[in-house]
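Listed below, chain by chain, are the residues.
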Amino acid sequence: MKRRSFLRGLAVSGALPGTLASLPFPASPGLVSAAQSSGVVPVDELPALEGELTLYLGRGEGGLYENVLAAIEERNPGFTLNIRRGPTAALANAIVAEAGAGVGRADVFWAVDSGAIGLINEAGLARELPDDLIRQLRPAFRYPRWAPVTGRIRALPFNTDQLTAERIPRDIMSLPGSGLAIGWAPAYASFQSFVTAMRLLEGDRATADWLRGINESAISYAGELGVVMAVERGEAQIGFANHYYTLRLKSGMPEARVAMAFTRGDAGCLVNASGVLALGDGELPINFIRYLLTREVQTYLANEAYEIPLVAGVAPPPGLPDLASISPPEIDLTRLADLRPTLNLMREAGVL
């Protein structure tokens, strides 16, 4: 779903200049009933947005989140969206500092990872969300004060010329000493959230030993797309990366020599999420969040960003195994907020 067709899907007939057509989902009793029963709501069931709203937006996803915001603004001509962009962690810290100074400026915070959401929740700044909004989400992703928007799974991309899935351990703790050539990006935020989950699940000592073991032979890259590309080239046999980097590479290179394996029940297959929370008063912040959970937005992010829709009733991105076949650990994602012990541990282990 490219940007033009996505904007067309969110546009109101006659409300915008040019060739933007009417919504592709006309309201009908049958459609509305089916949508509500599955959790997903079409955009034409939402109230119009009116007024001005300030959004703090964590950087990420190559402008695709920006496309979503542009589409929402075009659909709602009486709505003005002011956006402050920056690294997710820096914006979370700014929100806490501004609230402490009595000058809270953000009405909504859209973070690219749940750790930053946890920081805001710990400060008691997020509003409770209405029950009907929470019920749209898959049961494992229902939280009272924030709404996960899309998910991503930690995966093990591997070179299909050098390895088969059967040779890859299903226990993340078994990878040190496996003899495999491993690529990683330890300075990358998603990797650090993964290490935080490992600390919570396995303990600090086991995590430090794991980091030292991997670090003995791993090749470091600046980011996880670089890890996946290195695996495809054969520089590394296997790597650590969010699932969507492999899917995006293969979408442009169907012949790419890379596939994904998943561990079971540990931090190696952690499902993390981007998320949104309401800070400002009134109905406008809540109704804005509703737009991010619509069928149109969720489908767009699945098809273009290869992220996992967390609203029930929306298909996952092409190429991703059924979520029912993956066994992520049970963990409250907001517990990933405190990165300081993780960074200290990684430094002590000689990784950073």
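Now for a look at the structure at hand.

## Observations regarding the packing of aromatic side chains
Argument step 1. Applying the stated criterion to the full structure yields 11 aromatic pairs.
Argument step 2. With 5.6 Å between their ring centres and 75° between their planes, F194 and W210 make a pair best called edge-to-face. On the criterion of sequence distance, the pair formed by F194 in helix α7 (residues 189-202) and W210 in helix α8 (residues 204-215) is long-range, its members being 16 residues apart.
Argument step 3. Feature note: the residues W184, F191, F194, W210 and F240 constitute an aromatic cluster, connected by ring pairs.
Argument step 4. Over the ring of Y245 we find R248, and its NZ or CZ is 5.8 Å from the ring centre.

## Looking at the packing of helix α4 (residues 88-100) against helix α5 (residues 114-122)
Argument step 1. Put simply, α4 and α5 touch, their axes get as near as 9 Å, and they point 10° apart. Between α4 and α5, the angle falls in the class roughly parallel. Of the residues in α5, those touching α4 at T88, A92, N93, I95 and V96 are A116, L119 and I120.
Argument step 2. Residue composition of the contact of α4 with α5, grouped by class: 6 nonpolar, 2 polar and no charged.

## Description of the layout of surface pockets
Argument step 1. Reported here for the largest pocket is a volume of approximately 430 Å³.
Argument step 2. Lining of the largest pocket is provided by 21 residues; of these, A89, N93, L119, A337 and L339 occupy positions nearest its centre.
Argument step 3. Those elements that provide at least two residues to the lining of the largest pocket are α4, α5 and α7.
Argument step 4. For the lining of the largest pocket, the element with the highest residue contribution is α4, accounting for 5 residues.

## Describing empty space enclosed by the protein
Argument step 1. Under the definition given, this model contains 1 cavity of 30 Å³ or more.
Argument step 2. If you go around the largest cavity, the residues you meet are D113, R152, R154, S190, S193, F194, N242, L270 and N272.
Argument step 3. Considering each element in turn, the lining of the largest cavity owes the most residues, 3 residues, to α7.
Argument step 4. Considered class by class, the residues forming the lining of the largest cavity number 2 nonpolar, 4 polar and 3 charged.

## A word on the pattern of salt bridges
Argument step 1. One pass over the structure, following the stated rule, counts 12 salt bridges.
Argument step 2. Between E66 and R85 there is a salt bridge, with the nearest N and O atoms lying 2.5 Å from each other. Separated by 19 residues along the polypeptide, E66 in helix α3 (residues 64-75) and R85 in strand β2 (residues 79-86) bring together distant segments of the chain.
Argument step 3. Take R85: its relative accessible area is 44%, and that puts it in the partly exposed class.
Argument step 4. With its nearest N and O atoms 2.7 Å apart, the salt bridge here joins R290 to D132. Of this pair, R290 sits in helix α11 (residues 284-292) while D132 sits in helix α6 (residues 131-134), and the two are 158 residues apart along the sequence.
Argument step 5. A relative accessible area of 14% places R290 in the buried class.
Argument step 6. By relative accessible area, which is 38% here, D132 ends up partly exposed.

## Some words on the nonpolar core
Argument step 1. Counting 106 residues, the largest nonpolar core has F109, W110, W210, F240 and F288 as the members making the most contacts within it.
Argument step 2. Those residues within four positions of F109 in sequence are excluded, and the remaining contacts are L55, Y56, T88, L91, A92, I95, A116, I120, G275, V276, L277 and L279.

Rules used in this analysis
- Residues numbered from 1 in each chain as written.
- Predicted model: local features only at pLDDT ≥ 70, side-chain atom pairs only at ≥ 80, totals over all residues.
- Heavy atoms only, no water.
- Phe/Tyr/Trp six-rings, centres within 6.5 Å; stacked < 30°, edge-to-face > 60°.
- Helix = DSSP H or I, 4+ residues; strand = E, 2+ residues; numbered from the N terminus.
- Lys NZ or Arg CZ within 6 Å of the ring centre and 35° of its normal.
- Axes fitted to C-alpha atoms, helices over the stretch in contact; angles between N-to-C directions.
- Parallel < 35°, antiparallel > 145°, perpendicular 65-115°, else oblique.
- Contact = heavy atoms within 4.5 Å.
- Nonpolar A, V, L, I, M, F, W, Y, C, P; charged D, E, K, R; others polar.
- 1 Å grid on protein atoms, 1.4 Å probe; cavity = no way out; pocket = protein on both sides within 12 Å on 5 of 7 lines; lining within 4 Å.
- Points joined across faces, edges and corners; volume = space filled by probe spheres on them.
- Salt bridge = Lys/Arg side-chain N within 4 Å of Asp/Glu carboxyl O.
- Buried < 20%, exposed > 50% of the residue type's maximum accessible area, 1.4 Å probe, protein only.
- Core = buried A, V, L, I, M, F, W, Y, C linked by side-chain atoms within 4.5 Å.

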